[in-house]
Amino acid sequence: MFHHVARAAPGRLLFRTHAEGLALFRRLARAFPEAEALTVMPDHVHLVLPHDDPSGRLAGAMSGYARWRNHARREAGPVWATHPAPERLPDDQHARRTVRYVHLNPCRARLVGDPLAWPFSSHRDAVGLAARPIRPVDPSPARFHAWVSADGAVAVAGTALPGGTWGDVRWSEIVDAVGGVCRVHPAALLERGEPRTLALRTAWAHGLCDAGVLAAAVGIDASSVRRICAAVPARGGRFPDAALAACVRVVGDPRFSALDAGDLLTTAAWSR
C-alpha cells in the first residue's frame, strides 16, 4: 500500500464551495476505484492506494481539476504544489492505521466533530452510509467506525453509527439525510433522479405519507409520489435497497446534512 498526499499551491485553496469539493472528490474517486481511503481537504488530498501510481493517474486527475476550477472561477495560475513521491506502507497494520489517519483528517483540522460529518471522505462509504460507495464496506462497520472515531479530536471512547430515529420527522431532516448520503445539494431533490426518489421513499418509510405534501415539496404530482413509494416497507421494515436503508437510518443524525451552496470561508470552521 502507498499513501499519496497532494497539496495546494502556496496561498491557494483547492475549493471554497461544496460544489468544487464534490467535483474534486468525484474526479479522484473515478480515477481510483481501487482506493482504500480518500479524503479531500481544503488545501490537500490524501489517498491510500495499493500501488505507487505508475501510470500517473493522480497527476492527470489533479491537472484536470485545476483546469476545471480555474475555468469555473475565471482564474489563472497553479492550483497544486509539486506532487511528492508517495509513502510506502510496509504492512497491513501500518496501512490500516493510515486509513484511520486519513479519515480523521477533517476532525483533527477542526472542520467537523466526527468523521461521518465530512462529506468528502471515504469514511461514510466504508461504513455503508453512502448511496454509491467509492470503496467496499468494511466487514464490521460499527467496529470500524468506533475505532476510527476513538480519538481526542472526536471522542476518546469513540462514537456510534446512526441507529435510526422513528419519532416525528420533518421534511428538512429528510433533505439532510438524503443530501448527506447522496452528497448532493437540496436542489437535486427537485430534479428527476436517485436523490429525489430516495427522499420520497425515505419520507414515506418514516411515516410522512401525505402524497400531496410530498408532491409539493419536490414539484411533481401526487400520483407519481404514490407510484414511487408503492413498494416502500412499513415503518421499521427491512430495506433491501442499501441506499434507501442508509437514508432511512441517518434521518435526524446531525452528522449528515445536505451540501451548502454558499462560500465555505464564511463558516466558523473555515474562518481560520
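Provided above is the structure to which this section pertains.
Residues numbered from 1 in each chain as written. Predicted model: local features only at pLDDT ≥ 70, side-chain atom pairs only at ≥ 80, totals over all residues. Heavy atoms only, no water.

### Quick word on the overall build of the protein chain
Next, step 1: A tally of helices and strands in the protein chain yields 10 helices and 4 strands.
Next, step 2: Scanning the protein chain from its N terminus toward the C terminus, one meets helices and strands in the order β-α-β-β-α-β-α-α-α-α-α-α-α-α.
Next, step 3: Computed over C-alpha atoms, the radius of gyration of the protein chain comes to 19 Å, within 12% of the 19 Å expected from 2.2 N^0.38 for 272 residues, which places it in the range of a compact globule.
Next, step 4: Taking the principal axes of the C-alpha coordinates as reference, the protein chain spans close to 55 × 45 × 35 Å.
Next, step 5: For the protein chain, the proportion of its 272 residues judged to be buried stands at 49%. (Helix = DSSP H or I, 4+ residues; strand = E, 2+ residues; numbered from the N terminus. Rg over C-alpha atoms; globule rule 2.2 N^0.38 Å. Buried < 20%, exposed > 50% of the residue type's maximum accessible area, 1.4 Å probe, protein only.)

### Describing the nonpolar core
Next, step 1: Judged by nonpolar contacts, the single largest core of 83 residues is most densely connected at Phe15, Leu28, Leu38, Val40 and Trp80.
Next, step 2: In this view, leucine 28 contacts Leu38, Val40, Val45, Leu47, Leu58 and Ala61; residues no more than four positions away in its chain are not counted. (Core = buried A, V, L, I, M, F, W, Y, C linked by side-chain atoms within 4.5 Å. Contact = heavy atoms within 4.5 Å.)

### Comments concerning the packing of helix α3 (residues 92–108) against helix α5 (residues 141–149)
Next, step 1: Where α3 meets α5, the axes come as close as 9 Å, and the angle between the chain directions of the two elements is 70°. What the angle tells us is that α3 and α5 run roughly perpendicular. In contact with Arg96, Arg97, Val99, Arg100, His103 and Leu104 of α3, α5 contributes Phe144, Trp147 and Val148.
Next, step 2: Here the contact of α3 with α5 is built from residues that sort into 5 nonpolar, 1 polar and 3 charged. (Axes fitted to C-alpha atoms, helices over the stretch in contact; angles between N-to-C directions. Parallel < 35°, antiparallel > 145°, perpendicular 65-115°, else oblique. Nonpolar A, V, L, I, M, F, W, Y, C, P; charged D, E, K, R; others polar.)

### Some thoughts on the pattern of salt bridges
Next, step 1: For the structure shown, the criterion picks out 13 salt bridges.
Next, step 2: Where aspartate 263 meets arginine 16, a salt bridge forms, and the shortest distance between an N and an O atom there is 2.3 Å. Linking aspartate 263 in the segment after α10 (242–250) with arginine 16 in the loop between β1 (2–7) and α1 (18–31), this pair joins segments that are 247 residues apart in sequence.
Next, step 3: Among the residues examined, aspartate 263 registers a relative accessible area of 26% and is labelled partly exposed.
Next, step 4: Here arginine 170 makes a salt bridge to glutamate 173, at a shortest N to O gap of 3.8 Å. (Salt bridge = Lys/Arg side-chain N within 4 Å of Asp/Glu carboxyl O.)

### Notes on the sheet that holds β1
Next, step 1: Overall, antiparallel pairing links the 4 strands, which are arranged β2-β3-β1-β4 in an open sheet. Every interior strand has two partners, whereas the edge strands, β2 (37–40) and β4 (87–88), have only one.
Next, step 2: Two strands pair when backbone bridges link them, and β1 and β4 are joined in this way by 2 bridges, in the antiparallel orientation. Looking at β4, one finds that histidine 3 is bridged to glutamate 87.
Next, step 3: The sheet strands contacting α1 are β2 and β3 (44–49), and the helix crosses β2 at an angle near 160°. (Pairing = 2+ DSSP bridges.)

### A few points about unusual backbone geometry
Next, step 1: A positive phi angle, close to 60°, is found at aspartate 53, a residue other than glycine.
Next, step 2: You can call aspartate 53 buried: its relative accessible area is 10%.
Next, step 3: The phi dihedral of arginine 183 falls on the positive side, at around 55°, and the residue is not glycine.
Next, step 4: Along the polypeptide, arginine 183 turns up in the loop between α6 (171–182) and α7 (194–205).
Next, step 5: Relative accessible area serves as the criterion here: at 6%, arginine 183 is assigned to the buried category.

### Notes on the pairing of β3
Next, step 1: The buried fraction of β3 amounts to 6 of the 6 residues, a majority that puts the element mostly inside the structure.
Next, step 2: Side chains of β3 alternate between two faces, with His44, His46 and Val48 and Val45, Leu47 and Leu49 buried alike.
Next, step 3: Where β1 lies against β3, 6 bridges are found, and the strand directions are antiparallel. Bridging from a neighbouring strand, phenylalanine 2 pairs with leucine 49 of β3.
Next, step 4: In this structure, the hairpin formed by β2 and β3 is closed by a connection of 3 residues.

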